[in-house]
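# Descriptive analysis of the structure
So you can see what is in the structure, the chains are spelled out below.
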Amino acid sequence: MATPRRTVDYRIDPFDLHLFSAVIAHGSITAAAEAVSLSLAAASARLKALEDATGARLLIRSKAGAVPTDAGRTLARHANRVLTELESLHVGMASFGRGLRGTVRLLCNTAAMSEALPRSVARFLCHHPEIDLDVREMASDAALDALRRGFADIAVVADHVDTTGFTVHPWLDDRLVALLPRSWPMGRRRTIAFGELLEHPLVGLPGDSGLSRFLAAQASRSGRVPRHRVRLSGFDGMAQLVAAGVGAAVMPESAAMRFRAEGTRVLALADRWATRSLLVCMTPQGAELAAVRALADSLLSLKSPLLSLAKTRG
């Protein structure tokens, strides 16, 4: 016979946990209140009630914003887990009622976001109409940090980061290449080192994109700073400027093969880090959630390497 569950006085409103998580994410009560559609006064009152309910001071408030105390950091960890479980409960019950929906939070690096992810996501959304996706681009290391802190459910990252402690599945191969103006005197070369490429003007993505941050980190290892003539939001526009002779660009091979035009040429990057694998990562707890597992299964069912895709387009 099962032991009866002990009755507990649950005095914490899940919405207050959502508000508190927003404060941690945004760094201020004002921004968090706006994010959850509350007035500043109402948000402050709810946070004060949350501190009373927990019996501990949770936030250090200042003119610069709000940061969590030790107790606040502990609550944040529990809050993320509780909210994730509640989201999973809604997803699991959606088929039994109307109006209940679930959202899975997916983070991915630039290569995944621009190349392989759209078709994988399309298939998932068509097969799971009760689940929505919140997809955001983020550098691989930052994506894993967000996943570890409970701000995401699943992350697609490159294999150059430490994935210790996560449930990891290899997904796709990803090669970075250089797209160059054909007018540049490169002879019959098929490869170029990134360090040599840094001698030339570049066309790149915005500086806060995952790929730009990764390339900046590689350049800094040799004490270099890439010189960008211009930054654009997509590979298509970058390829057009390369064709015009503005500069060189680094992008996934599949994008280079798709967008290359007359007046450009593709050279493989000789650096070892340019050939990578993309990984699908979850926390062990997240991997047990039905909606997260469904998305992971959908991604992994389309394991056609980007390198092969690029060759078929060449």
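Residues numbered from 1 in each chain as written. Predicted model: local features only at pLDDT ≥ 70, side-chain atom pairs only at ≥ 80, totals over all residues. Heavy atoms only, no water.

## Observations regarding helix α9 (residues 235-243)
Those residues of α9 not exposed but buried are Phe235, Met238, Ala239 and Val242. The buried residues of α9 occupy an angular sector of 100° when projected down its axis, which confines them to one face. Directly beyond the C-terminal end of α9, a positive phi value near 90° is found at Gly245. (Buried < 20%, exposed > 50% of the residue type's maximum accessible area, 1.4 Å probe, protein only. Helix = DSSP H or I, 4+ residues; strand = E, 2+ residues; numbered from the N terminus. Arc of directions from axis to C-beta.)

## Comments concerning the side chain of Arg276
Its location among the elements puts Arg276 in strand β12 (residues 275-282). For Arg276, a relative accessible area of 6% puts it in the buried group. For Arg276, the side chain forms a polar contact with the side chain of Asp174, separated by 2.6 Å. Residue contacts for Arg276: discarding those within four places in its chain leaves Asn109, Ala111, Ala158, Asp159, His160, Leu172, Asp173, Asp174, Leu176 and Phe214. (Polar contact = N/O pair within 3.5 Å; in protein donor to acceptor, adjacent residues only side chain to side chain. Contact = heavy atoms within 4.5 Å.)

## Quick notes on the nonpolar core
By size, the foremost hydrophobic cluster in this structure holds 31 residues, and its most contacted members are Leu180, Leu197, Met251 and Leu269. Among the elements of the structure, β6 (167-181), α7 (194-197), β8 (202-204), α8 (210-220), α9, β10 (249-252), α10 (253-259) and β11 (264-269) are those that each provide at least two residues to this core. Here the element with the most residues in this core is β6; it accounts for 5 residues. Residues within four places of Leu197 in sequence aside, it is in contact with Ala178, Leu180, Ile192, Leu202, Ala248, Val250 and Leu269. Trp171, Leu278, Leu289 and Leu300 belong to the second largest nonpolar core, which has 27 residues in total. (Core = buried A, V, L, I, M, F, W, Y, C linked by side-chain atoms within 4.5 Å.)

## Structural notes on the packing of helix α1 (residues 14-26) against helix α3 (residues 40-54)
It is the contact of α1 with α3, at a shortest axis distance of 10 Å, that shows an interaxial angle of 110°. Relative to α3, the element α1 lies roughly perpendicular. Facing α1, whose interface residues are Phe15, Asp16, Leu19, Phe20 and Val23, α3 presents Ala43, Arg46, Leu47 and Leu50. Of the residues belonging to the contact of α1 with α3, the class tally is 7 nonpolar, no polar and 2 charged. (Axes fitted to C-alpha atoms, helices over the stretch in contact; angles between N-to-C directions. Parallel < 35°, antiparallel > 145°, perpendicular 65-115°, else oblique. Nonpolar A, V, L, I, M, F, W, Y, C, P; charged D, E, K, R; others polar.)

## Some words on the environment of Leu278
Position of Leu278 relative to the elements: it lies in strand β12. Between the C-alpha atom of Leu278 and that of Asn109, which follows or precedes it by 169 residues, the distance is 8.9 Å.

## Digging into the confidence of the model for the protein chain
Looking at the protein chain as a whole, its pLDDT mean stands at 84, while 89% of the residues score no less than 70. Within the protein chain, helix α12 (residues 306-313) has the poorest average pLDDT of any element, 35, and β8 the best, 95. (pLDDT = per-residue confidence, 0-100.)

## Quick notes on the packing of helix α5 (residues 110-127) against helix α11 (residues 290-300)
Where α5 contacts α11, the two axes come as close as 9 Å, and the packing angle between them is 130°. Our classification of the angle between α5 and α11 gives oblique. Along this stretch, α5 crosses α11, giving a crossing that reads as right-handed. Contact residues: Leu117, Ser120, Arg123 and Phe124 in α5; Ala291, Ala294, Leu295, Ser298 and Leu299 in α11. Of the residues belonging to the contact of α5 with α11, the class tally is 6 nonpolar, 2 polar and 1 charged. (Left-handed = near helix turned anticlockwise from the far one by under 90°.)

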